[in-house]
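# Tertiary structure, described
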Amino acid sequence: QVDAAGNIGFPPEEGLQYEAGMKFQSADKKLRATAAVYEIFKTNVLVNTGQRHPTLGLNIARLDGEQTSKGAEMEFEWFPVKHFQIQAGGAYTDAYVSKSSTASLVGKSLVSAPHWSASFWSRYNFPKGVLKGAGVGLGAVYVDNRYGGDAATTTYIKLPGYTRIDTAFYYKWRKYDFALNIQNIFDRKYISAMSTSFQIYPGDPRKITLSANYTF
């Protein structure tokens, strides 16, 4: 990659991160949780402008003066009753261009960086009876609105948020483990990412995966 004048060689990207966190585990070990806050500064971030040099035919790039990302995240795992497990997490992120040679980009959100995201998963294993060895899981993934497009050309498009529901069925027999995973069970249509104005990636449609493992 070259700059607009055709020069090669860019200074290396540098980063500085501050982070603080906390972990908790209950006395009966049925509840575990972690929480963290952070702030990240990245300088000399190379950004593709989506243009080519007219004589060299190479991609033209520019440097963002600084990108800042700050936020908080939390995760927990809980066993409310025997054989039943819940896992959940959430995050808040504020990621934006804090310094740039292009004044109109200062304060713009970074692409593919939702402010809010969360996940949930639960699983129950049947300990006895005709269903002994079987298990069932149900979960969800949530992603908030975020921007897609090309930060260099300021072609931004707000991508709508989405919620995806997943489920799974398990069965353990002797040394065999079987699993049937169904992702996006309602076949929800959504946009997972957008890298440029011409590259938009749809989310996976309903996906069914059957797996078997043998332990020896």
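Note: the structure precedes this text.
In this report, the structure presented in the accompanying data block is examined. (Residues numbered from 1 in each chain as written. Predicted model: local features only at pLDDT ≥ 70, side-chain atom pairs only at ≥ 80, totals over all residues. Heavy atoms only, no water.)

Each helix and strand in the protein was counted, giving zero helices and 13 strands. With the C-alpha coordinates aligned to their principal axes, the bounding extent of the protein is approximately 75 × 40 × 35 Å. Across the 216 residues that make up the protein, the buried fraction comes to 29%. Taking all contacts inside the protein whose residues are at least 6 apart in sequence as the whole, residues at least 24 apart take part in 53%. Carbon together with sulfur atoms contributes 59% to the accessible area of the protein, which is approximately 13,700 Å² in total. In the protein, 24 positive and 18 negative side-chain charges are present, and the distance between their average locations comes to 13 Å. (Helix = DSSP H or I, 4+ residues; strand = E, 2+ residues; numbered from the N terminus. Buried < 20%, exposed > 50% of the residue type's maximum accessible area, 1.4 Å probe, protein only. Contact = heavy atoms within 4.5 Å. Areas by Shrake-Rupley, 256 points an atom, 1.4 Å probe, with all protein chains shown as cover. Lys, Arg positive; Asp, Glu negative; His and termini not counted. Charge placed at Lys NZ, Arg CZ, Asp CG, Glu CD.)

Under the definition given, this model contains eight aromatic pairs. Note on Trp173 and Tyr176: the rings are 5.7 Å apart at their centroids and 20 degrees apart in plane angle, and the pair reads as stacked. A residue is classified by how much of its surface remains accessible, and Trp173, at 39% relative accessible area, is partly exposed. Between Tyr214 and Phe216, the ring centres sit 6.1 Å apart and the planes meet at 20 degrees, which makes this aromatic pair stacked. Note on Tyr214: relative accessible area 44%, which makes it partly exposed. On the accessibility criterion, Phe216 (84% relative accessible area) is exposed. Taken together, the ring pairs connect Trp173, Tyr176, Phe178, Tyr214 and Phe216 into an aromatic cluster. It is Arg123 that lies over the ring of Tyr170; its NZ or CZ is 3.7 Å from the centre. (Phe/Tyr/Trp six-rings, centres within 6.5 Å; stacked < 30°, edge-to-face > 60°. Lys NZ or Arg CZ within 6 Å of the ring centre and 35° of its normal.)

This paragraph deals with unusual backbone geometry. For Asn44, which is not a glycine, the phi torsion comes out positive at approximately 55 degrees. Summarising the element assignment, Asn44 is placed in strand S2 (residues 31–52). With a phi angle near 60 degrees, Ser112 is a residue other than glycine that sits in the positive phi range. As for its placement among the helices and strands, Ser112 is situated in the loop between strand S4 (84–99) and strand S5 (116–125). Here Ser112 falls in the partly exposed class, since its relative accessible area comes to 42%.

This part is about the sheet that holds strand S3 (residues 59–78). The nine strands lie next to each other as S1-S2-S3-S4-S5-S6-S9-S10-S13, forming an open sheet whose pairing is antiparallel. Looking along the sheet, the strands with just one partner apiece sit at the ends: strand S1 (14–25) and strand S13 (207–214). Neighbour-to-neighbour, the strand axes of this sheet turn through a mean angle of 15 degrees, independent of strand direction. The pairing of S1 with S2 spans twelve bridges and is antiparallel. Across the sheet, the residue bridging to Tyr18 is Glu39, located in S2. (Pairing = 2+ DSSP bridges. Axes fitted to C-alpha atoms, helices over the stretch in contact; angles between N-to-C directions.)

Mapped onto the elements, Ser26 comes out in the loop between S1 and S2. Engagement of the side chain of Ser26 in a polar contact is seen with the side chain of Asp28, the distance being 2.6 Å. (Polar contact = N/O pair within 3.5 Å; in protein donor to acceptor, adjacent residues only side chain to side chain.)

Here the focus is the side chain of Ser69. Tracing the backbone shows Ser69 in strand S3. Contact partners of Ser69, with chain neighbours within four places excluded, come to Tyr38, Glu39, Ile40, Thr93, Asp94 and Ala95.

A few words on the environment of Gly203. Residue placement: Gly203 occurs in the loop between strand S12 (199–202) and S13. The exposure class of Gly203 is buried, given its relative accessible area of 14%. Residues Gly203 and Tyr190, spaced 13 residues apart in sequence, show a C-alpha to C-alpha distance of 5.4 Å. If near-sequence neighbours (up to four positions away) are discounted, Gly203 is found in contact with Tyr190, Ile191 and Ser192.

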